[in-house]
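Descriptive structure summary
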Amino acid sequence: EPYSYQWQVSTDNSNFTDIGLEDSINYQPGVLVQTQYYRLQFTSSLGCGTLYSDTVVVNVYDDLTIPVISSNTQTTICYDSVPHELFILTDPTGGNGIFTHQWQMLSGNLWTNIEEDSNDTIYQPKNLTDTISYRLISTSTYGCGEVVSEPYTINVYPIIQAGTISGTTPICYNTNTSLSFLSIPQGGGDTYTYQWQQSDDEITWNNISMANGVTY
């Protein structure tokens, strides 16, 4: 042949190096992780000199990074209450920088798509009666793949269950008695303040001054 061939590569379109034994007129680059410039060196077999082809650039988008999701709500909320909306705190990056989004929730051991507002960057959960974990899948519109956020969990306190109180009944006229919890209240974080009340007709109730303990 009148020429011998050598493919060359560069990361800055200035300093080129030979690519191994790639000495045919065709070259298949392998997996790329950064933008590369390629050219083909032609050397005359008769010693008449060396020429170079035009440079071809293969632009490589940055690798994808995961989004970070958050909420302005506390990580634990009361039973059957509505948390604040979930939103993207840190956007995904990489690819062409354009993504579609899909919110998911953990049901048992299975992540399932949330159909309503599924492609929005913000999601408003409904009122919750159980602890729920959420995550966001961001998919590159260029076809560079998808990335999944770390889960964000909203814990839900158990429903509050009123305790029962007991005391001596009936009692004699002009005597006193002691009232206390027979079973303590539960749920709602298990942290309470107390206020004893009294009524003459079980309709109108009034606070008893300074009666704020578990017994009265």
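Preceding this section is the structure that the text describes.
Before going into details, it helps to say that this report is about the structure given with it.

Let us look at the pairing of strand E3 (residues 36-44). Two strands pair when backbone bridges link them, and strand E1 (residues 3-10) and E3 are joined in this way by eight bridges, in the antiparallel orientation. Looking at E3, one finds that serine 4 is bridged to threonine 43. The sheet contact formed by E3 and strand E5 (residues 56-58) spans three bridges and is antiparallel. Counted as the bridge partner of glutamine 36 is valine 58 from E5. Looking at chain direction, E3 and strand E4 (residues 50-52) are connected through three bridges and run antiparallel. Counterpart to glutamine 41 in the pairing with E4 is tyrosine 52. In sequence, E3 turns back onto E4 through a hairpin of five residues, with glycine 47 there showing a positive phi of about 80°.

Right, let's talk about the nonpolar core for a bit. Most often, soluble globular proteins have nonpolar side chains that are buried together. Ranked by internal contacts, the top residues of the largest apolar core, which has 14 residues, are Leu86, Trp103, Tyr123, Leu128, Tyr134 and Ile154. Elements that contribute at least two residues to this core include exactly strand E8 (86-90), strand E12 (132-140) and strand E14 (152-156). In contact with leucine 128, other than residues within four places in its own chain, are Ile77, Cys78, Tyr79, Asp80, Ser81, Pro83, Tyr134, Ile154 and Val156. In this structure, Trp7, Val9, Ile19 and Leu40 belong to the second largest nonpolar core, which totals six residues.

Spatial strand order, E6-E8-E11: three strands in an open sheet with antiparallel pairing. Here the strands that pair on one side only, and so sit at the sheet edges, are strand E6 (68-71) and strand E11 (122-123). Where E8 lies against E11, two bridges are found, and the strand directions are antiparallel. Looking across to E11, one finds that phenylalanine 87 is bridged to isoleucine 122.

Take the packing of aromatic side chains next. For the structure on display, the rule yields ten aromatic pairs. When the ring of tyrosine 3 is compared with that of phenylalanine 42, the centres are 6.2 Å apart and the planes differ by 80°; the resulting orientation is edge-to-face. Of the two residues, tyrosine 3 sits in strand E1 while phenylalanine 42 sits in strand E3, which places them 39 residues apart along the sequence. A residue is classified by how much of its surface remains accessible, and tyrosine 3, at 37% relative accessible area, is partly exposed. Exposure remark for phenylalanine 42: the relative accessible area of 23% places this residue in the partly exposed category.

So, how was this worked out
Residues numbered from 1 in each chain as written. Predicted model: local features only at pLDDT ≥ 70, side-chain atom pairs only at ≥ 80, totals over all residues. Heavy atoms only, no water. Pairing = 2+ DSSP bridges. Helix = DSSP H or I, 4+ residues; strand = E, 2+ residues; numbered from the N terminus. Core = buried A, V, L, I, M, F, W, Y, C linked by side-chain atoms within 4.5 Å. Buried < 20%, exposed > 50% of the residue type's maximum accessible area, 1.4 Å probe, protein only. Contact = heavy atoms within 4.5 Å. Phe/Tyr/Trp six-rings, centres within 6.5 Å; stacked < 30°, edge-to-face > 60°.

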